[in-house]
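Spelled out from the first residue to the last, the chains are:
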Amino acid sequence: MKSFYVKLDETLSKYQKIFIVSHKNPDLDAYGSSIGLYKILKSCNKDVYVFLDTNDNLHSSVRDSIELVSDINYVNKNNYKEYATDDSLWVILDTHCEERLYFKDFLYEYKNIMIIDHHIKSKDIIKNYKYLYLDEKSSSIAEIVTFYAQYKNISFNQIISTILLAAIEIDTNEYLFKTTYKTFEASSILMKYGADNILKQEILKETKEMYLKRADYIKKSFMLNPKTAICILDNSIVKNEDLSAIAEEMLKFENVLITFTIGKLDKNVVGISARSIGEYDVCKIMKSFGGGGHYNNAAAQIPNGRVKDILNKLNKMLEEYLWK
């Protein structure tokens, strides 16, 4: 595993100006790993920028984290060209699919593209990358960034450590999924750096309104078959994080081994979040919808999708693949 960080470091060392960009609707793993990598590179005297419009409607945990962190050079679609040069390196975190990118114009404007991801490789991978660092065994990009900091012998301050620890907790659903001994080791490193559990809980808190809204959705969930719980959200626009949280909550139901949450991410895109326990490979199912992820944790986005059609396809796949 050390060779992964040796090669990553050798590549990053070649570039002086580096831009960090993640996926649409960035979650805490995308944001936390971005600022973690930013701090590592800044300590190496690199000229670094995080591509994020802080005026966007961001998830509350990301918004709260932004307010805690200072001295980050943010750029957005309106001003990045003022800073980028032909020899800049663009580092994509937490996705390797073009349609999932927060901003993708740079893919066609600059030649030095690096991907760092932990999701299972998809057939829809970005075509013109120059470097690929994919570690499917890692729980999160926060875990990868933490070990990269350790490799570089760089310590994070309390706030960055806390945000990264919160990101690992969220991405593993409190260490229930995608968790190995390395995940606990990374968490231990962050605690050693000074991560604060009280501050972490403040970052992860949600509003009473959001909690009750999610509970209302879950009340309307139903069993597609004796082992599968489905929750279909109404026609309001929701975030990926909402779909994920509901899918994870439904796994707590008795006898439920696999869950799907379906909802609109915008007026033209339907999202699916899938979770499973044990031997059920939801990544395989999500790939059939053009998505991907991990064995027990996966998702897909369907442009111009119809919930009824998606549900029928899911039902057919489950009959043929899981319950035969």
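Our subject is the structure that appears above.
Residue positions are given per chain, counting from 1 as you read along its sequence in written order. It should be noted that, the model being predicted, local features are given only for residues of pLDDT at least 70 and side-chain atom pairs only at 80 or more, the latter also being counted only at that level, while totals for whole chains, interfaces and linings use all residues. With hydrogens and water excluded, all non-hydrogen atoms of the structure serve as input to the side-chain values.

**Thoughts on the pairing of strand β6 (residues 131–134)**
In step 1: Here the term buried applies to any residue with accessible area under 20% of the maximum for its type, exposed to any over 50%, and partly exposed to those in between, with areas from a 1.4 Å probe on protein chains only. Under the scheme used here, helices are H or I runs from DSSP no shorter than 4 residues and strands are E runs no shorter than 2 residues, and both carry numbers assigned from the N terminus. Where burial is concerned, the two faces of β6 differ: the one with Y131 and Y133 is buried and the one with L132 and L134 is not.
In step 2: In this structure, strand β5 (residues 113–117) lies alongside β6, joined through four bridges in parallel fashion. Note that in β6 the partner of D117 across the bridge is L134. Two strands qualify as a pair provided DSSP detects at least 2 bridges between them.

**Re the packing of aromatic side chains**
In step 1: Only the six-membered ring of Trp is used, alongside the rings of Phe and Tyr, when aromatic pairs are assigned; centres must lie within 6.5 Å, and planes under 30 degrees apart are stacked while those over 60 apart are edge-to-face, with the rest tilted. Counted according to the given criterion, the structure contains 17 aromatic pairs.
In step 2: Centre to centre, the rings of F51 and F103 are 4.8 Å apart; their planes meet at 15°, and the pair counts as stacked. In this pair, F51 is assigned in strand β2 (residues 47–51) and F103 in the loop between β4 (89–93) and β5, connecting sequence segments 52 residues apart.
In step 3: Counting every residue linked through ring pairs, the aromatic cluster contains F19, Y49, F51, Y80, Y83, W90, Y102, F103, F106 and Y110.
In step 4: A cation sits over an aromatic face here: K313 above F289, 4.5 Å from the ring centre. Only lysine NZ and arginine CZ atoms are considered, and such an atom sits over a ring when it is within 6 Å of the ring centre and within 35 degrees of the ring normal.

**Remarks on the state of the cysteines**
In step 1: We call a pair of cysteine sulfur atoms a disulfide when they lie within 2.5 Å. For the coordinates displayed, the defined rule picks out zero disulfides.
In step 2: Residue C283 stays outside any disulfide, its sulfur separated by 10 Å from that of C97, the closest cysteine.

**What about the pattern of salt bridges?**
In step 1: One speaks of a salt bridge when a side-chain nitrogen belonging to Lys or Arg is within 4 Å of a carboxyl oxygen belonging to Asp or Glu. On inspection of all chains with the given rule, the structure shows eleven salt bridges.
In step 2: For the salt bridge of D171 with K178, the shortest nitrogen-to-oxygen distance reads 3.8 Å.

**Thoughts on the nonpolar core**
In step 1: What is meant by a nonpolar core is a set of buried Ala, Val, Leu, Ile, Met, Phe, Trp, Tyr and Cys residues, joined one to another through side-chain atoms within 4.5 Å. Counting residues in hydrophobic clusters, the biggest one holds 71 residues, and the most contacted among them are L12 and F106.
In step 2: Membership of the second largest hydrophobic core comes to 21 residues, among which are I230, I285, I310 and L318.

**Describing the sheet that holds strand β3 (residues 74–75)**
In step 1: The parallel open sheet is built from six strands, whose spatial order is β3-β2-β1-β4-β5-β6. Looking at which strands have only one partner, the edges of the open sheet turn out to be β3 and β6.
In step 2: When strand β1 (residues 17–21) meets β2, the two strands line up parallel, connected through four bridges. Bridge assignment links I20 to a residue of β2, and that residue is V50.
In step 3: Those strands touched by helix α2 (residues 28–43) are β1, β2, β3 and β4, and its axis lies near 170° from that of β2. Whether two residues are in contact is decided by their heavy atoms, any of which lying within 4.5 Å being enough. Only the stretch in contact is used when a helix axis is fitted, and all axes are lines through C-alpha atoms; the angle between N-to-C directions ranges over 0 to 180 degrees.

**Notes on the sheet that holds strand β12 (residues 297–303)**
In step 1: Strand order in the open sheet formed by six strands is β7-β8-β9-β10-β12-β11, with mixed pairing between adjacent strands. Single-partner strands in this sheet number two, and they are β7 (222–225) and β11 (292–294). Adjacent strand axes in the sheet meet at a mean angle of 20°, parallel and antiparallel pairs treated alike.

**Side note on the pairing of β4**
In step 1: Burial of β4 is extensive: five of the five residues sit out of reach of the surface.
In step 2: Residues L89, V91 and L93 of β4 are buried on one face, and the alternating residues W90 and I92, pointing to the opposite face, are buried as well.
In step 3: The pairing of β1 with β4 spans four bridges and is classified as parallel. Across the sheet, the residue bridging to I20 is V91, located in β4.
In step 4: Both β4 and β5 contribute to a ladder of four bridges, which runs parallel. Bridge pairing in β5 places L93 opposite I116.

**Notes on the side chain of H294**
In step 1: Positionally, H294 belongs in strand β11.
In step 2: Every residue in contact with H294, bar those within four places of it in the chain, is listed here: H118, H119, I120, E136, S138, K178, V282 and C283.

**Description of the side chain of T162**
In step 1: When you line up the elements, T162 lands in helix α5 (residues 158–171).
In step 2: Its relative accessible area of 0% is what places T162 among the buried residues.
In step 3: Engagement of the side chain of T162 in a polar contact is seen with the backbone nitrogen of D196, the distance being 2.9 Å.
In step 4: Setting aside residues up to four positions removed in sequence, T162 forms contacts with G194, A195, D196, L199, K200 and I203. The term polar contact refers here to a pair of N or O atoms within 3.5 Å; inside protein, the definition further demands a hydrogen-donor-capable atom paired with an acceptor-capable atom, and it admits residues adjacent in sequence only when both atoms are side-chain atoms.

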